[in-house]
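Each chain, written out:
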Amino acid sequence: MSDLEHAAEQSREKSHASERHFMRFTPGQRYLHAALFTSFLGLAATGLPLRFSESIWARGLAKGVGGFGAILFFHKFCALVLTAAFLIHVKDLFTRAFVHREKGIFWGKTSMVANWKDVKDLVGHLRWFVGLGPKPQFERYAYWEKFDYWAVFWGMIVIGFSGYAMWFAPFFARFLPGWALNAVLVIHSEEGLLAILFIFSIHFVNTHLRPDSFPMDMVIFTGVESEEEFKHKRPLEYEGLKAQGKLEARIGDAPGIWQINFSKVVGFTAIAIGLVLLVLTLSAYLRE
Amino acid sequence: MKTVSSIALAFAALALVFGPGRGMAQANSDCLACHADASMQDGSGHSISVDGHKFGASLHGSLKCVDCHTSIKEYPHPEQITAVKCESCHADQAEGLAGSVHSVKAEHPCTSCHGDAHSIFPKNDPRSAVYALNVPRTCGACHGNDAMAKKHGLPNVYPLYMDSIHGFALGKEGLLVAANCQSCHGSHHILSHKDPQSPTYKANIPKTCGTCHAGISANYMGGVHGKAVARGNLKAPVCTDCHTAHAILQPTEAAFRMQSTPICGSCHKEKLSTYHDTFHSQLGSLGGYVETARCWDCHGAHDVLPASDPRSPIAKANLVTTCGKCHAGANASFVNYQPHANARNRKLNPALYFVRLFMNLLLAGTLTFFVIHTILWLIRSRYDQIKKKAAEGGNHV
C-alpha cells in the first residue's frame, strides 16, 4: 500500500461518515453560547487588568490599547452584550414554559433543575473516581453541567447587578445603603475572579480537555454529536429516546468539514485566550 | 558702588597731581597699548587681552585698570602680579560667599558666575550672566554637568529645572517673574538645604515659595500640614515634597497626577492601601485614565483640613458637593460610600468584612472542590482509556 493510499484509508476511518449524528443543541442555543463566551472573554480581558491594576502586564495592556477610558468602554460594551444574551435566554425559557407549555423545563429528566439523582450521581461519580463503584449513567444534563449552568446563571445576576450598581452608582444609591456601594466592588471583583478561574480551568477541563472529549467538545459549535459519543456520555437519555421511539426524530446532519474547522479555530482561540488569562490571573493573584 | 567711585576719584586726583610720566601706571589707554592685542597671552597660555570698547561700555567702564590691578605701580610692570581682589570693593558679597557652599575661592572665583570682569553688566541688563533669564544657564554650567554633580553628590538639576513649569516660563516664555535658581537659593550666600538658615531648609520652604505664591502659601499655612510644619514637625510635607524642588510640573498634567498619590501615601500608608482597593485607584493606576480621584481631589491640596473641620471638603456637609465634582447626581445616600473602606477590618467595616469573607469562602470552596473533582476525574478517565485501548490491541497507547 502506498503512503497516499494508507493516508486515505486513515482519513476515511477518522471521518465516521457512515455514523449517525444526533441533535443536542438548537442553533439558537449555540448562538447564545457564542455570544456568552465572546462577551465573557472580552469582560475577562478588560476586567482583569482593573482587578490587578498594580501588575506590570495590566499596565502594559492599558498602555497598548490607549488607556483605560478605552478598556472601560469595551468592558461596558461586552457587559451590554452579555446582558442581552441573558435576557434573551430568560425570555426563551418563559416562552417555552408558559406559551408553548413545554413540559420538563423546570422538573424532570431533561430539566436543568437539580434533583435527587444528581446528588446520587455526584456521590457515585466520586466513588467511581477512586474505584469504589461503577460509573453512574447520566441523563441529558449531568450534575456538573447543571452546576456550570447555575454558576453562570447566578454569576450573571450577581456580577451584572454589582456592575450596574457601580456604573450607575448615584441611581442605585437611592435605594441601597451606603456600605453597599463599597460592597459591590468587592462582590463584583471576587465573583468575577471566581467565574474566570472556574471557566478557564474547571469548565475547560470538564467539558473540553478531559480524555473523553479531548481536545474539544464540538457539540456546542456543531449542535450534533455522534451516536457513539451520545451513547457513551449520556446513556440514559439515549436509551430513553430509543425506548420511546423518538431517537430517529433527533437525527441530524453530520457536521460539514468547514463547520468543524471553523468551530476548531473559534474554540481553540477562545481556549487559548482563556488559558493565557488564567496564567496571568494566577500569577497576579498569588503575588498579591 | 559709592566706594568704587570714590576710589576712582582718588586715583583720578592722584593722576592729575603727578601727571603722566615714566614709572607710573597711567590711563587705561596706556595699558591697552599692549593689552588691546587680541592674541596676547600670559606665560601659561591664558588670554590677557582686553577689548577696550567692551570694557568702556561695561559696568566697570568708568574704572581704571589699576583700580583693580592694584599691584601694578609702574611701567613696564613685573611679570608676576597679584590677583585682583573683588572684595576690596564688593565686601558684602564676599562676606556672603565666604560662608556659603561656594566658599572655596579657587573653585568658585567671582568670574565663574559673573563672567569676565572686563565685560560685566548690571544684573538687569540682558547681557549680564546673572540677568534673570540667563541665571539657569550660568548655574547650569556646573549644575548641569554630570561629572560635577557626581563629584559633589548633587543631582544634575539643570535639565530637571529646564523641563519644569518654572524653567518653561523662564526659558520659553521669557517671564522675568518666573523663579530662577537664585529666587529660591539666593545668590552669594547660598547654603545647603540642611542648614536651618537656608531658604531651602525644609522649614523655610513655605516662606521661600510664598515669596511669589503668596495666596497658596497662606492657604497652606492654614491647613494641617502648614500648621504642623509651623509647630516644628518636619515630617509634615512642605511644597517641595509634593511638587519636587526642580522638576515641578503643572499639577493638572497626567504625569503629576500619576506621581502624586504615592507621595501622600509615603506617610499615609494605611490610607494608600485602602485607596488601592477602590475603583478610583484601579482605574487611576493604569495611566491613560487619569481623571479618577486622587488624594487632593477630595481632600484639597494646600489647605488640607480634617473631616471634623466644617471648611474641609470631606466634612460631612460638603461631601455631596465634593463627590459631585465628578459624580453627577451624587446625593446624600451616595456619599455614604467610604472611599477608604477596609474590607479586612472587621471592627471598622463589619458589613464589608463579612461580604468579603463570604465571597472568599465561596471562591475557595468552589474551586477546591472542583479542582479535586476534576483531577480525580482526569486520572480515572485516562486510566480507563488506556485500559480500553490496551484491550483493543494497544496501538494508540
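Residues numbered from 1 in each chain as written. Chains lettered and ligands numbered in written order. Predicted model: local features only at pLDDT ≥ 70, side-chain atom pairs only at ≥ 80, totals over all residues.

1. Details of the overall build of chain B
Consideration 1: Across its full length, chain B carries 21 helices and zero strands.
Consideration 2: For 397 residues, the compact-globule formula gives about 21 Å, and the C-alpha radius of gyration of chain B, at 35 Å, lies well above that figure.
Consideration 3: Each principal axis of the C-alpha atoms in chain B carries an extent, and together these give about 125 × 70 × 35 Å.
Consideration 4: Within chain B, the proportion of its 397 residues that are buried is 23%.
Consideration 5: Taking contacts inside chain B between residues at least 6 apart in sequence as the whole, the part at least 24 apart equals 45%. (Helix = DSSP H or I, 4+ residues; strand = E, 2+ residues; numbered from the N terminus. Rg over C-alpha atoms; globule rule 2.2 N^0.38 Å. Buried ≥ 20, exposed ≤ 12 C-beta atoms within 10 Å, placed from the backbone. Contact = placed C-beta atoms within 7 Å.)

2. Here we look at the overall build of chain A
Consideration 1: In terms of helices and strands, chain A carries twelve helices and three strands.
Consideration 2: Principal axes of the C-alpha set define a box for chain A whose edges measure 65 × 55 × 40 Å.
Consideration 3: Looking at chain A alone, contacts between residues at least 24 apart form 74% of all its contacts between residues at least 6 apart.

3. Description of the packing of helix α2 (residues 27–51) of chain A against helix α4 (residues 68–99) of chain A
Residue and element names in this part refer to chain A.
Consideration 1: Packing of α2 against α4 leaves a shortest axis separation of 8 Å and a crossing angle of 150°. With respect to α4, the axis of α2 lies roughly antiparallel. Handedness of the crossing formed by α2 with α4: left-handed. On the side of α2, the interface is formed by L32, A35, L36, S39, F40, G42, L43, T46, G47 and P49, while α4 contributes I71, F74, H75, C78, A79, V81, L82, A85, I88 and H89.
Consideration 2: When the residues that make up the contact of α2 with α4 are grouped by side-chain class, the tally is 14 nonpolar, six polar and no charged. (Axes fitted to C-alpha atoms, helices over the stretch in contact; angles between N-to-C directions. Parallel < 35°, antiparallel > 145°, perpendicular 65-115°, else oblique. Left-handed = near helix turned anticlockwise from the far one by under 90°. Nonpolar A, V, L, I, M, F, W, Y, C, P; charged D, E, K, R; others polar.)

4. Here we look at the nonpolar core
Consideration 1: Membership of the largest hydrophobic core comes to 51 residues, with the highest contact counts inside it found for L82(A), A183(A), V184(A), V186(A), I187(A) and I196(A).
Consideration 2: Mapped onto this core, the elements with two or more residues apiece are α2, α3 (56–64), α4, α6 (143–167) and α8 (178–209) of chain A together with α20 (319–324) and α21 (350–391) of chain B.
Consideration 3: Per-element accounting of this core gives the leading share, 16 residues, to α8(A).
Consideration 4: No fewer than three residues from each of domain 1 (249–336) and domain 2 (354–397) of chain B sit in this core.
Consideration 5: Every residue in contact with I196(A), bar those within four places of it in the chain, is listed here: A44(A), L277(A) and T281(A). (Core = buried A, V, L, I, M, F, W, Y, C linked by C-beta atoms within 7 Å. Domains from an automatic or database assignment.)

5. A short note on the interface of chain B and chain A
A common way to express how large an interface is: the accessible area buried when the components associate.
Consideration 1: Facing the 39 residues of chain B at the interface are 41 residues of chain A.
Consideration 2: Counting residues per element, the ones that place at least two in the side of chain B that touches chain A are α18 (279–284) and α21 of chain B.
Consideration 3: When residues in the side of chain B that touches chain A are grouped by element, the largest group, 19 residues, is from α21(B).
Consideration 4: Residues belonging to the side of chain B that touches chain A are distributed by class as follows: 20 nonpolar, 16 polar and three charged.

6. Some words on the domain arrangement of chain B
Consideration 1: Under the domain assignment, chain B is made up of domain 1 (249–336) and domain 2 (354–397).
Consideration 2: When each unit is reduced to the centre of its C-alpha atoms, the spacing between domain 1 of chain B and domain 2 of chain B is 47 Å.

7. Concerning the sheet that holds strand β3 (residues 251–252) of chain A
Strand pairing in a sheet relies on backbone hydrogen bonds. The paired strands run either parallel or antiparallel.
Consideration 1: In spatial order, the strands read β2-β1-β3 (chain A); together these three strands make up an open sheet with antiparallel pairing. Of all strands in the sheet, those with a lone pairing partner are β2 (224–226) and β3 of chain A, marking the two edges. (Pairing = 2+ DSSP bridges.)

8. Observations regarding the environment of S285(B)
Consideration 1: Its location among the elements puts S285(B) in the loop between α18 and α19 (295–299).
Consideration 2: Counting along the chain gives 27 residues from S285(B) to M258(B), while the straight-line C-alpha distance between them is 7.1 Å.
Consideration 3: Excluding its chain neighbours within four sequence positions, the residues that come into contact with S285(B) are S53(A) and E54(A).

9. Here's the deal with the packing of α4(A) against α6(A)
All names here are of chain A.
Consideration 1: Packing of α4 against α6 leaves a shortest axis separation of 11 Å and a crossing angle of 135°. Overall, the two elements α4 and α6 adopt an arrangement that is oblique. Crossing handedness for the pair α4 and α6: left-handed. Every residue of α6 that contacts α4 at K76, A79, L82, T83 and F86 is listed here: M156, G160, G163 and W167.
Consideration 2: Along the lines of polarity and charge, the residues of the contact of α4 with α6 split into five nonpolar, three polar and one charged.

10. Here we look at α6(A)
All names here are of chain A.
Consideration 1: In a regular helix each residue adds 1.5 Å, so 25 residues correspond to 36 Å; α6 covers 35 Å between its end C-alpha atoms and thus fits that length.
Consideration 2: Where α6 is concerned, the buried positions are Y143, W144, F147, D148, M156, V158, I159, S162, G163 and A165.
Consideration 3: Here the buried face of α6 lies against α4, α5 (116–129), α7 (169–172) and α8. (Expected span 1.5 Å × (residues − 1).)

11. Overview of unusual backbone geometry
Generally, phi is negative for residues other than glycine and the peptide bonds are trans, each holding for most cases.
Residues and elements named next belong to chain A.
Consideration 1: That bond from F214 to P215 is cis: its omega, 0°, falls within 30 degrees of zero.
Consideration 2: As for its placement among the helices and strands, P215 is situated in the loop between α8 and α9 (219–222).
Consideration 3: Even without glycine at this site, R101 takes up a positive phi of about 55°.

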